[in-house]
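For reference, the chains in residue letters:
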Amino acid sequence: MSFINFAAREINCKVVYYGAGLGGKTTNLQWIFDQTLGKAGGKMISLATETDRTLFFDFLPLDLGTIRGFKTRFHLYTVPGQVFYEASRKLILRGVDGIVFVADSQEERMDANLEAIEDLESNLKEHGYDFLKVPYVLQLNKRDLPSALPVEDLKKVLVKKGEPVFEGVAYKGIGVFETLKECGRLVLAELKKG
Ligand SMILES: Nc1nc2c(ncn2[C@@H]2O[C@H](COP(=O)(O)OP(=O)(O)OP(=O)(O)O)[C@@H](O)[C@H]2O)c(=O)[nH]1
Ligand SMILES: [Mg+2]
């Protein structure tokens, strides 16, 4: 859960990009990195296989302005989507403040999307978090592909709790910041409540 450092006047929040393998989680982070820290010579931490599949996680720290004199620092993580990295996915969710679920819009990835949402719900439960209460945004990615299902069809199946939905083409940056901003907004709103 979010960590407030009063001495440094800093609020630290953790956002995790979750979803099935090859859905575009790392691509979201890479785009954010390229537009922000990358330009300032910063670093994104990625641990990937030779074929660029996320092995453990990607990590990107991002400053998103100040509220009431406190710097808000978001720590963005992705999980490895491949089914057998179950343990890593669970570990990375620890202390999560907000989740972006990156769904692959292609028809042939629907089973994988659904499996990933179930996996998310069960991993959250194991940490003692309530899926219904966690700030959560759904991104329908890969809207550019011919086999992408209509948005309304995807929503019927993938929307779980009336969450905000964004369309994305992550490698072109479409929808990437919109998704992140909304998740950040929800996280900060939750923080104000607590
Ligand atoms: N056509 C298309 N390709 C995309 C889009 N977003 C990402 N990709 C491509 O999809 C592939 C997988 O993207 P990644 O970001 O590595 O996927 P991931 O979700 O991190 O995958 P794992 O690390 O295995 O869980 C890459 O080749 C990306 O360039 C998109 O919106 N449209
Ligand atoms: Mg990845």
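Relevant structure appears above.
Please read all numbers here as calculations on a predicted model, not as lab measurements.

About the cut-offs
- Residues numbered from 1 in each chain as written.
- Chains lettered and ligands numbered in written order.
- Predicted model: local features only at pLDDT ≥ 70, side-chain atom pairs only at ≥ 80, totals over all residues.
- Heavy atoms only, no water.
- Core = buried A, V, L, I, M, F, W, Y, C linked by side-chain atoms within 4.5 Å.
- Buried < 20%, exposed > 50% of the residue type's maximum accessible area, 1.4 Å probe, protein only.
- Helix = DSSP H or I, 4+ residues; strand = E, 2+ residues; numbered from the N terminus.
- Contact = heavy atoms within 4.5 Å.
- Donors = N, O, S within 2.8 Å, 3.2 Å for Na, K, Ca; no water.
- Pairing = 2+ DSSP bridges.
- Phe/Tyr/Trp six-rings, centres within 6.5 Å; stacked < 30°, edge-to-face > 60°.
- Near = heavy atom within 4 Å.
- Polar contact = N/O pair within 3.5 Å; in protein donor to acceptor, adjacent residues only side chain to side chain.
- Areas by Shrake-Rupley, 256 points an atom, 1.4 Å probe, with all protein chains shown as cover.

(A) Layout of the nonpolar core. Core analysis: the largest hydrophobic core is formed by 28 residues, its most contacted members being Ile99, Phe101, Leu120 and Leu124. Contributions of two or more residues to this core are made by strand 2 (10-18), strand 6 (98-104), helix 3 (110-127), strand 7 (136-141) and helix 4 (151-158). Per-element accounting of this core gives the leading share, six residues, to helix 3. When residues no more than four places from it in sequence are discounted, the contact partners of isoleucine 99 are Val16, Tyr18, Leu93, Leu120, Leu124, Val134, Pro135, Tyr136, Val137 and Cys183. One finds Tyr17, Phe74, Val100 and Cys183 within the second-largest nonpolar core, a separate group that totals 23 residues.

(B) Quick look at the coordination of the magnesium ion (ligand 2). Protein coordination at the magnesium ion (ligand 2): the donors are Thr26 (OG1) and Thr54 (OG1), at 1.9 to 2.0 Å from the metal. Placement of threonine 26 in helix 1 (residues 25-35) and of threonine 54 in strand 4 (residues 54-67) is noted, with a sequence separation of 28 residues between them. Exposure remark for threonine 26: the relative accessible area of 24% places this residue in the partly exposed category. Since its relative accessible area comes to 9%, threonine 54 is described here as buried.

(C) Looking closely at the pairing of strand 4. One ladder, built from three bridges, connects strand 3 (residues 45-48) with strand 4; its direction is antiparallel. The residue of strand 4 that forms the bridge with isoleucine 45 is phenylalanine 59. Connecting strand 3 to the next strand, strand 4, in antiparallel fashion are five residues, including aspartate 52 with a positive phi near 70°. Hairpin connection between strand 4 and strand 5 (residues 70-78): a loop of two residues separates the two successive antiparallel strands, and arginine 68 in this loop has a positive phi of roughly 45°.

(D) Focus on the packing of aromatic side chains. Summed over the entire model, instances satisfying the criterion amount to six aromatic pairs. Summarising the aromatic geometry, the rings of phenylalanine 6 and phenylalanine 70 are spaced 5.7 Å apart at their centres and angled 85° between planes, so their arrangement reads as edge-to-face. Pair noted here: phenylalanine 6 is in the loop between strand 1 (3-5) and strand 2 and phenylalanine 70 is in strand 5, with a separation of 64 residues, a long-range link. On the numbers, 4.9 Å between centres and 45° between planes, the contact of phenylalanine 59 with tyrosine 77 is tilted. Of the two residues, phenylalanine 59 is situated in strand 4 and tyrosine 77 in strand 5; the sequence distance between them amounts to 18 residues.

(E) Spatial organisation of the site of ligand 1. Neighbouring ligand 1 are 19 residues, the closest being Lys25, Thr27, Arg53, Gly81 and Asp144. Contact between ligand 1 and arginine 53: an oxygen atom at 2.7 Å from a side-chain N or O atom of the residue. Here an oxygen atom of ligand 1 sits 2.7 Å away from a polar atom, N or O, in the main chain of glycine 81. Compared with its free state, where it exposes 650 Å², ligand 1 has 80% of that area covered by protein. The biggest single contributor to the shell around ligand 1 is helix 1, with three residues.

Bear in mind that shape data such as this cannot, by itself, settle questions of function.
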